[in-house]
Amino acid sequence: MGYKRKSWKHIAFVFLLSFTLAVITSLGTTILMRKTNIVLALILLLVIVIINIGFDVIGTAATAATEQPHHAKAANKVPGARQTVFLVRHADTVANFTNDIVGDVTGAISGGMSASIVLEIIRTYPALEAHEIWIDTLLIALVASVTVTGKAAGKTFAIQKADEIIGQVGSLTARVEDLTGWTMTDKKRKGGKRHGNSRKN
């Protein structure tokens, strides 16, 4: 019963997070595309594709990385090391967020952006209207090919440099925590463990 509740809570959280990210990014890109020309719209589309590939690399690195190299750094209080250990320890959650949530949202947005760019091309160059289906097909195929190829290359790189990549993400996470004051790491849980041990002693 408890497992089912936890599972439903997780599903609801993933749905709400995905929906929120999709609304924010889709609204932002739609507004930007309305105020830019075709060239800038294509650059924006490329940025979305790069974000998709980049987060896929992070998710793969999290699952391929090991905790051991980062424990000594965490013990020596190297900035970001504790966050790195946390990310590796919760690799399944990290991969779910980066590969599934961010990956699917950016993939859907890039598809929508491709269709919008094709419509803008037809509006700007009416003579190309007869070739709309080919322009649409070629652009979507190009975006899909770049995304798939980038992810394939990124996965190989992520596996080879997993500890270095996740270490950089841990350092970035530490900076974000310092700037915002919001902590995503398990300080409280660790504190709870210490407290539990002291009671046993």
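Residues numbered from 1 in each chain as written. Predicted model: local features only at pLDDT ≥ 70, side-chain atom pairs only at ≥ 80, totals over all residues. Heavy atoms only, no water.

A. The overall build of the protein chain, seen in detail. Along its length, the protein chain carries eight helices and zero strands. Expressed as a percentage of the 201 residues in the protein chain, the buried residues total 31%. Taking as baseline every contact in the protein chain between residues at least 6 positions apart, the subset at least 24 positions apart corresponds to 77%. As displayed, the protein chain offers around 13300 Å² of accessible surface, 66% of which is attributable to carbon and sulfur atoms. (Helix = DSSP H or I, 4+ residues; strand = E, 2+ residues; numbered from the N terminus. Buried < 20%, exposed > 50% of the residue type's maximum accessible area, 1.4 Å probe, protein only. Contact = heavy atoms within 4.5 Å. Areas by Shrake-Rupley, 256 points an atom, 1.4 Å probe, with all protein chains shown as cover.)

B. Geometry of the packing of helix H2 (residues 38-64) against helix H6 (residues 132-160). Close contact between H2 and H6 brings their axes to 9 Å; oriented N to C, the two are set at 30°. Overall, the two elements H2 and H6 adopt an arrangement that is roughly parallel. Here H2 runs over H6; the crossing is right-handed. Contacts between H2 and H6 involve Leu42, Leu45, Val49, Asn52, Ile53, Asp56, Val57, Thr60, Ala61 and Ala64 from the first element and Leu139, Val143, Val146, Thr147, Gly150, Lys151, Gly154, Lys155, Phe157, Ala158 and Ile159 from the second. By residue class, the composition of the contact of H2 with H6 is 13 nonpolar, five polar and three charged. (Axes fitted to C-alpha atoms, helices over the stretch in contact; angles between N-to-C directions. Parallel < 35°, antiparallel > 145°, perpendicular 65-115°, else oblique. Left-handed = near helix turned anticlockwise from the far one by under 90°. Nonpolar A, V, L, I, M, F, W, Y, C, P; charged D, E, K, R; others polar.)

C. Fine view of helix H7 (residues 162-180). The end-to-end C-alpha distance of H7 is 27 Å, a good match for the 27 Å that 19 residues give at a rise of 1.5 Å each. Those residues of H7 not exposed but buried are Ala162, Ile165, Ile166, Gly167, Val169, Gly170, Thr173, Ala174 and Glu177. For H7, the secondary structure elements touched by its buried residues are H2, helix H3 (68-75), helix H4 (81-89) and H6. Trailing H7 by a residue or two, Gly181 shows a phi angle of about 80°, which is positive. (Expected span 1.5 Å × (residues − 1).)

D. Layout of the nonpolar core. If you look at the biggest cluster of nonpolar residues, it comprises 16 residues, and the most contacted ones within it are Leu45, Ile109, Met113, Ile117, Leu139 and Val143. Elements with a contribution of two residues or more to this core: H2, helix H5 (91-124) and H6. Residues within four places of Leu139 in sequence aside, it is in contact with Leu42, Leu45, Ser114, Ile117 and Val118. With 13 residues, the next largest nonpolar core counts Ala65, Val88, Ala158 and Ile166 among its residues. (Core = buried A, V, L, I, M, F, W, Y, C linked by side-chain atoms within 4.5 Å.)

E. Spotlight on a nonpolar patch on the surface. Side chains of Val39, Leu40, Ile43, Val47 and Ile51 sit close together on the surface and give an oily, nonpolar patch of about 400 Å² of accessible area. Relative to the helices and strands, Val39 resides in helix H2. (Patch = residues over 30% accessible without salt bridge, like charges linked within 9 Å, V, L, I, M, F, W, Y side chains within 5 Å. Salt bridge = Lys/Arg side-chain N within 4 Å of Asp/Glu carboxyl O.)

F. Structural view of the packing of aromatic side chains. Within the structure shown, the criterion is met by two aromatic pairs. Judged by centre distance (6.5 Å) and plane angle (75°), the rings of Phe55 and Phe97 are edge-to-face. With a gap of 42 residues between them, Phe55 in helix H2 and Phe97 in helix H5 connect regions that are remote in the sequence. Note on Phe55: relative accessible area 28%, which makes it partly exposed. Phe97 gets classed as partly exposed once you look at its relative accessible area, which sits at 30%. (Phe/Tyr/Trp six-rings, centres within 6.5 Å; stacked < 30°, edge-to-face > 60°.)

G. Focus on the pattern of salt bridges. Counted by the stated rule, this structure contains three salt bridges. Salt-bridge contacts for Glu67 lead to Arg89; the nearest nitrogen and oxygen are separated by 3.0 Å. Of this pair, Glu67 sits in the loop between H2 and H3 while Arg89 sits in helix H4, and the two are 22 residues apart along the sequence. Under the relative-accessibility criterion, Arg89 is labelled partly exposed at 34%.

H. A look at the packing of H2 against H5. Viewed as axis vectors pointing N to C, H2 and H5 meet at an angle of 165°, and their least axial separation amounts to 8 Å. By the angle between their axes, H2 is roughly antiparallel relative to H5. Between H2 and H5 lies a crossing of left-handed hand. Classifying every residue of the contact of H2 with H5 by side-chain character gives 20 nonpolar, twelve polar and two charged.

Everything listed is a geometric property; what it means functionally is a separate question.
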